[in-house]
Amino acid sequence: MRLCNYVNINIHISPTLFTEWLTNIYLPANRKRLKKCYTYMTQGLSDLGLKYVNGCAGLFIWVDFRKYIQPLTFEAEMTLFYDLIKGGVYIPPGQGFFCREPGWFRIIFALPEDQLQRVLQRIGASLKARRLCNGSNQEGTEI
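Conventions adopted
Residues numbered from 1 in each chain as written. Predicted model: local features only at pLDDT ≥ 70, side-chain atom pairs only at ≥ 80, totals over all residues. Heavy atoms only, no water. Salt bridge = Lys/Arg side-chain N within 4 Å of Asp/Glu carboxyl O. Helix = DSSP H or I, 4+ residues; strand = E, 2+ residues; numbered from the N terminus. Buried < 20%, exposed > 50% of the residue type's maximum accessible area, 1.4 Å probe, protein only. Lys, Arg positive; Asp, Glu negative; His and termini not counted. Contact = heavy atoms within 4.5 Å. Phe/Tyr/Trp six-rings, centres within 6.5 Å; stacked < 30°, edge-to-face > 60°. Core = buried A, V, L, I, M, F, W, Y, C linked by side-chain atoms within 4.5 Å. Axes fitted to C-alpha atoms, helices over the stretch in contact; angles between N-to-C directions. Parallel < 35°, antiparallel > 145°, perpendicular 65-115°, else oblique. Left-handed = near helix turned anticlockwise from the far one by under 90°.

### Some points on the pattern of salt bridges
At step 1: Taken as a whole and judged by the stated rule, the model has five salt bridges.
At step 2: Asp83 is paired through a salt bridge with Arg130; the nearest N and O atoms lie 2.4 Å apart. Here Asp83, found in helix H2 (residues 74–86), pairs with Arg130, found in helix H3 (residues 113–133); they are 47 residues apart in sequence, far enough to count as distant.
At step 3: Owing to a relative accessible area of 9%, Arg130 belongs among the buried residues under this scheme.
At step 4: Between Arg118 and Asp114 there is a salt bridge, with its nearest N and O atoms 3.4 Å apart. Of this pair, Arg118 and Asp114 are both found in helix H3, four residues apart, which corresponds to roughly one turn of the helix.
At step 5: Since its relative accessible area comes to 38%, Arg118 is described here as partly exposed.
At step 6: Linked through salt bridges whose partners overlap, the residues forming this network are Asp64, Arg66 and Glu101.

Next comes the structure, spelled out in C-alpha cells:
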C-alpha cells in the first residue's frame with residue numbers, strides 16, 4: 001500500500017484569498033462606513049456650534065469646547081468633563097492626552113449612527129444645561 005502525501009490546499013490559497021478580501025472588500029467598506037460616521041459627527045458638532053480639527057485618518061475628532069469653559073483652566077475643563085458625564089456622555093478631556101491648553105476633548109466617531117445621534121443629543125443637552133446653570137446664553141468666542 002502506497003501512502004499519499006497530503007497537502008492542505010488551504011495553506012496555499014488562504015493568504016491570497018484573505019488579502020484579496022481585505023483589500024477589495026473589507027477596507028473599502030470600512031473606509032466608507034468611517035467616512036459616513038465622520039460626516040455625521042462633524043455635521044452634528046457644527047449644528048451645535050462646536051469647532052473641531054478636520055481629520056484625515058483615525059477614529060476620533062478633536063473638538064474645541066473652550067467657549068464653554070470659564071475660566072479657561074484645566075480645573076474648569078474637568079468640571080465640563082463631569083457635567084458631560086452627568087449628561088450621559090463620556091468624552092475624555094485633552095488634559096489626559098497632554099494637550100497644552102484646556103478646552104479640547106477627544107470624541108470617537110466610529111459608532112453606529114443611532115449612537116452618534118444619542119451622543120450629539122446628550123452633548124447638546126449638557127451644554128444647554130451648563131449655560132442655563134451659569135446664567136449665560138452667550139455662545140462665546142470662535143477659534
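### Some details on the side chain of Glu77
At step 1: Residue placement: Glu77 occurs in helix H2.
At step 2: At 9.0 Å, Arg66 is the nearest oppositely charged side chain to Glu77, a buried residue that forms no salt bridge.
At step 3: Beyond its immediate stretch of four places on either side in the chain, Glu77 contacts Ile69, Pro93, Gly94, Gln95, Glu101, Pro102, Gly103, Trp104 and Phe105.

### Thoughts on the packing of aromatic side chains
At step 1: Within this structure, the stated rule accounts for seven aromatic pairs.
At step 2: Ring centres of Tyr38 and Phe109 lie 5.4 Å apart, and the angle between their planes is 70°; on these two criteria the pair is classed as edge-to-face. Placement of the pair is Tyr38 in helix H1 (residues 9–47) and Phe109 in the loop between strand S3 (104–108) and H3, with a sequence separation of 71 residues.
At step 3: For Tyr38, a relative accessible area of 18% corresponds to the buried category.
At step 4: Taking the relative accessible area as the measure of exposure, Phe109 reaches 4% and is therefore buried.

### Quick notes on the nonpolar core
At step 1: Within the largest apolar cluster, 25 residues are counted, with the highest numbers of intra-cluster contacts made by Met41, Phe65 and Ile123.
At step 2: Within the residue set of this core, elements represented by two or more residues are H1, strand S2 (60–64), H2, S3 and H3.

### A short note on the packing of H2 against H3
At step 1: It is at 9 Å that the axes of H2 and H3 come closest, and there the two elements cross at 125°. Accordingly, the angle class assigned to the pair H2 and H3 is oblique. For the pair H2 and H3, the crossing hand works out as right-handed. Residues Ala76, Thr79, Leu80, Asp83 and Leu84 of H2 form the contact with H3, whose own contacting residues are Ile123, Ser126, Leu127 and Arg130.

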